Amino acid sequence: MSNITLGIIGGGQLGCLLSQAANKLNIETVIFSDDKNSPAKNLTKNFIIGNYDDENLIKEFLSKVNIITYEFENIPYKILKKLNEIKPVLPKPEINKLIQNRFTEKDFLNKNNIRTTRYALIKDEDDIKINDGLIPGLLKTCTLGYDGKGQFKINKKDDISSEIDFSKEYILEKFINLKKEISVIISRFGHQRYEIYEPIENVHQDQILKYSKIPAEISDKIKNQAIDWSTIIAEELDYIGTLCVEFFIDNKDNLYANEIAPRVHNSGHLTINSHNISQFENHVRAVCGLEKLETKKIHNARMINLIGADIEDYRGKSFKDNEFFFDYLKNEIRDKRKMGHFTIVEK
Ligand code: ADP
Ligand code: MG
């Protein structure tokens, strides 16, 4: 083992896949998770369980690790900042703070001349009525949403669901008629030093990612624009590690940045099998200050997310040598829950 121990906050599938990539590089990991049933329990050996604001656990975590990273963006900024005072947290806590709020995230994109759908900050029902130019639209909580959670479709200004809790802040986004969705994954090591994966084409069902594939079937213009914008985002944030930018393409072939994930991303799971270096390994290399190696595609690939009971068809099955099944070993099958994924590479 090397002399670096990487601390990972979050014990879900992303944390586990990061930990496995680190172990392959001879880097020990300690996962800190607030969920005693998280996949890390079955998939990693060093595991701290408890609340992220538990002083004793924070101390224990800090004493065991040299560098800290995280697998999800919804960690209170205060906690990341506190950890960062003792051991380096990468990507920087300020980046996470900016991105974990959909409003400040979209403002950041627009300030950098990156097109997004039109949007407005919404604090109450009247704000929706004032912004009726954004209807039909999607109302999204500014913080804490994922996989479509915390989102409401607004079709008419007089038809606002009573389920919306206006004690939270929202943004209203103009609804886009989507032709396609793509994502770009970039791992940045320092100023103008990065490895970027070609755009991945994604299909969502019920706002949850279902299929990803490379190559994406898009024009060179869109491809270059998506790569340029992703590079600008990573440079402007002075980002270290892997990040993902999700994009929309509308019927008129306009590209819009949808959101930034300051972490490894589900659409990049196929890079484990399609590339010489996965998004997870590049993240670990970047945050731990290891060598940046040229990242190359070896195979075209597609990935299927196994959601809810989908996983049952895969467990215990045998696979061909171009097929890779990943089981996150979650304790319970639940509707809309990501249980595993399946990647097929073209040979
Ligand atoms: P999450 O944080 O849940 O991933 P997203 O903003 O990425 O939230 O929304 C999830 C999915 O919902 C998107 O990938 C897309 O399919 C659909 N969606 C979100 N915003 C819009 C929009 N403004 N217009 C059309 N579809 C949208
Ligand atoms: Mg998304």
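Bear in mind that the values here come from a model prediction, so they are computed numbers and not experimental data.

Scoring rules and cut-offs
Residues numbered from 1 in each chain as written. Chains lettered and ligands numbered in written order. Predicted model: local features only at pLDDT ≥ 70, side-chain atom pairs only at ≥ 80, totals over all residues. Heavy atoms only, no water. Pairing = 2+ DSSP bridges. Helix = DSSP H or I, 4+ residues; strand = E, 2+ residues; numbered from the N terminus. Axes fitted to C-alpha atoms, helices over the stretch in contact; angles between N-to-C directions. Contact = heavy atoms within 4.5 Å. Buried < 20%, exposed > 50% of the residue type's maximum accessible area, 1.4 Å probe, protein only. Arc of directions from axis to C-beta. Core = buried A, V, L, I, M, F, W, Y, C linked by side-chain atoms within 4.5 Å. Domains from an automatic or database assignment. Near = heavy atom within 4 Å. Polar contact = N/O pair within 3.5 Å; in protein donor to acceptor, adjacent residues only side chain to side chain. Areas by Shrake-Rupley, 256 points an atom, 1.4 Å probe, with all protein chains shown as cover. Donors = N, O, S within 2.8 Å, 3.2 Å for Na, K, Ca; no water.

Below, the discussion takes up the sheet that holds strand β8 (residues 170-174). Across the sheet, which stays open at both edges, the four strands sit in the order β5-β8-β6-β7 with antiparallel pairing between neighbours. Two strands close off the open sheet at either side, each with one partner strand: β5 (119-122) and β7 (151-154). Here the average twist between neighbouring strands, direction ignored, is 25°. Sheet topology places strand β6 (residues 137-141) next to β8; five bridges connect them, and they run antiparallel. Paired with threonine 141 across the bridge in β8 is tyrosine 170. Seen against the sheet, helix α6 (residues 102-111) touches β5, β6, β7 and β8 and runs at an angle of roughly 150° to β5.

Before going further, it helps to examine helix α4 (residues 77-86). Buried residues of α4: Ile79, Leu80 and Leu83, and no others. Viewed along the axis of α4, the buried residues span an arc of 95°, placing them on a single side of the element. Residues of α4 that are exposed and angled more than 90 degrees away from the buried face: Lys78 and Glu85. Its buried side turned inward, α4 meets β1 (5-9), α3 (55-64), β4 (67-70) and α5 (93-99).

A word on the nonpolar core. Residues Leu6, Leu18, Ile27, Phe280, Val284, Val287 and Cys288 are the most contacted members of the largest nonpolar core, which totals 25 residues. The leading source of residues in this core is helix α1 (residues 13-24), at six residues. Viewed by domain, this core spans two of them, domain 1 (5-89) and domain 3 (178-345), each represented by three or more residues. Non-local contacts of valine 287, meaning those with residues more than four positions away in its chain, are made with Leu6, Ile67, Thr69, Leu90, Ile240 and Gly241. Membership of the second largest hydrophobic core comes to 23 residues, among which are Leu109, Ile186, Ala216 and Ala226.

What follows covers the site of ligand 1. Taken together, 20 residues are adjacent to ligand 1, and Lys140, Gly148, Glu181, Asn258 and Glu259 come closest. Within the backbone of lysine 174, a nitrogen or oxygen atom sits 3.1 Å from a nitrogen atom of ligand 1. In the model, an oxygen atom of ligand 1 is placed 3.3 Å from a nitrogen or oxygen of the histidine 204 side chain. Calculation on ligand 1 without its partners gives an accessible area of 540 Å², and the protein chains cover 93% of this total. Listing elements by their share of the shell around ligand 1, those giving two or more residues are β6, β8, β9 (178-190), β13 (241-250) and β14 (255-261). When we break the shell around ligand 1 down by domain, the ones giving at least three residues each are domain 2 (118-174) and domain 3 (178-345).

A word on the coordination of the magnesium ion (ligand 2). Protein-derived coordination of the magnesium ion (ligand 2) comes from Glu246 (OE), Glu246 (OE) and Glu259 (OE), at a distance range of 2.0 to 2.8 Å. Of this pair, glutamate 246 sits in strand β13 while glutamate 259 sits in strand β14, placing them 13 residues apart in sequence. Here glutamate 246 falls in the buried class, since its relative accessible area comes to 12%.

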